[in-house]
Amino acid sequence: QVQLVESGGGLVQPGGSLGLSCAASGSIFSINAMGWYRQAPGKQRELVAAITSGGSTTYADSVKGRFTISRDNAKNTVYLQMNSLKPEDTAVYYCNAETRQYRNYWGQGTQVTVSS
């Protein structure tokens, strides 16, 4: 079992920045990739960014150049730095961990609202 605890999020004006963090505990040795997904009202959950244990990253086209995912393996924590935020970035953001056995675990979600 893997437990994920998210922090960060909140309300920010367009063009502003926010940072999210997600701390993993439990069977952390089994984790391969960690990432962030988001779900806006009436829309499906989508991948925002992911990072493997080796440091390889993947980003949604909509956030490339604006968001940065990073991982501190010593702290078992993954971060998402979000810059130049847009109203369309408004969503509930979920932390995800995928194990080497391809099991997926999710955080509780944190709201990000971009509005003036």
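Report follows, based on the coordinates. What you see is a predicted model; the values in this text were computed from it and never measured. (Residues numbered from 1 in each chain as written. Predicted model: local features only at pLDDT ≥ 70, side-chain atom pairs only at ≥ 80, totals over all residues. Heavy atoms only, no water.)

## Focus: the pattern of salt bridges
Overall, the coordinates contain four salt bridges when judged by the stated rule. For the salt bridge of Lys 64 with Asp 61, the shortest nitrogen-to-oxygen distance reads 3.1 Å. In this structure, Lys 64 and Asp 61 share a single accessibility class: exposed. Between Asp 89 and Arg 66 there is a salt bridge, with its nearest N and O atoms 2.8 Å apart. Here Asp 89 is found in the loop between β8 (77–82) and β9 (91–99), whereas its partner Arg 66 is found in the loop between β6 (57–59) and β7 (67–72), with 23 residues between them in sequence. By sharing partners, the salt bridges in this structure join Arg 38, Glu 46, Arg 66 and Asp 89 into a single network. (Salt bridge = Lys/Arg side-chain N within 4 Å of Asp/Glu carboxyl O. Buried < 20%, exposed > 50% of the residue type's maximum accessible area, 1.4 Å probe, protein only. Helix = DSSP H or I, 4+ residues; strand = E, 2+ residues; numbered from the N terminus.)

## Side note on unusual backbone geometry
One non-glycine residue, Asn 76, adopts positive backbone phi at about 55 degrees. With respect to the element layout, Asn 76 can be found in the loop between β7 and β8. For Tyr 102, which is not glycine, the phi dihedral falls at a positive 65 degrees. Secondary-structure assignment places Tyr 102 in the loop between β9 and β10 (104–106).

## Some points on the nonpolar core
Burial of nonpolar side chains together is a common tendency in soluble globular proteins. If you look at the biggest cluster of nonpolar residues, it comprises 29 residues, and the most contacted ones within it are Leu 4, Met 34, Trp 36, Leu 80, Met 82 and Tyr 93. Looking at this core, the elements that each hand over two or more residues are β1 (2–8), β3 (18–26), β4 (31–39), β5 (46–52), β7, β8, β9 and β11 (110–114). In contact with Leu 80, not counting residues within four places along its chain, are Leu 18, Gly 19, Leu 20, Trp 36, Val 48, Ala 49, Phe 67, Thr 68, Ile 69 and Tyr 93. (Core = buried A, V, L, I, M, F, W, Y, C linked by side-chain atoms within 4.5 Å. Contact = heavy atoms within 4.5 Å.)

## Things to note about the packing of aromatic side chains
Under the criterion given, the structure shown has one aromatic pair. Seen from their ring centres, Tyr 37 and Trp 106 are 5.0 Å apart, and the 70 degrees between their planes marks the pair as edge-to-face. With Tyr 37 in strand β4 and Trp 106 in strand β10, this pair connects stretches of sequence that are 69 residues apart. Residue class for Trp 106 comes out partly exposed when judged on its relative accessible area of 37%. (Phe/Tyr/Trp six-rings, centres within 6.5 Å; stacked < 30°, edge-to-face > 60°.)

## What to know about the side chain of Asp 89
Judged by its relative accessible area of 1%, Asp 89 is buried. Side chain to side chain, Asp 89 and Arg 38 meet in a polar contact 2.9 Å long. Engagement of the side chain of Asp 89 in a polar contact is seen with the side chain of Arg 66, the distance being 2.8 Å. Filtering out sequence-adjacent residues up to four positions away, Asp 89 remains in contact with Arg 38, Arg 66, Phe 67, Ser 84, Val 112 and Val 114. (Polar contact = N/O pair within 3.5 Å; in protein donor to acceptor, adjacent residues only side chain to side chain.)

## Overview of the pairing of β5
Bridge analysis of β4 against β5 gives six bridges, and the strand direction is antiparallel. When the bridges of β5 are listed, Tyr 37 appears paired with Leu 47. What sits between the antiparallel neighbours β4 and β5 is a turn of six residues, in which Gly 42 has the positive phi angle 75 degrees. In this structure, β5 lies alongside β6, joined through three bridges in antiparallel fashion. Residue pairing across strands places Ala 49 opposite Tyr 59, the latter belonging to β6. (Pairing = 2+ DSSP bridges.)

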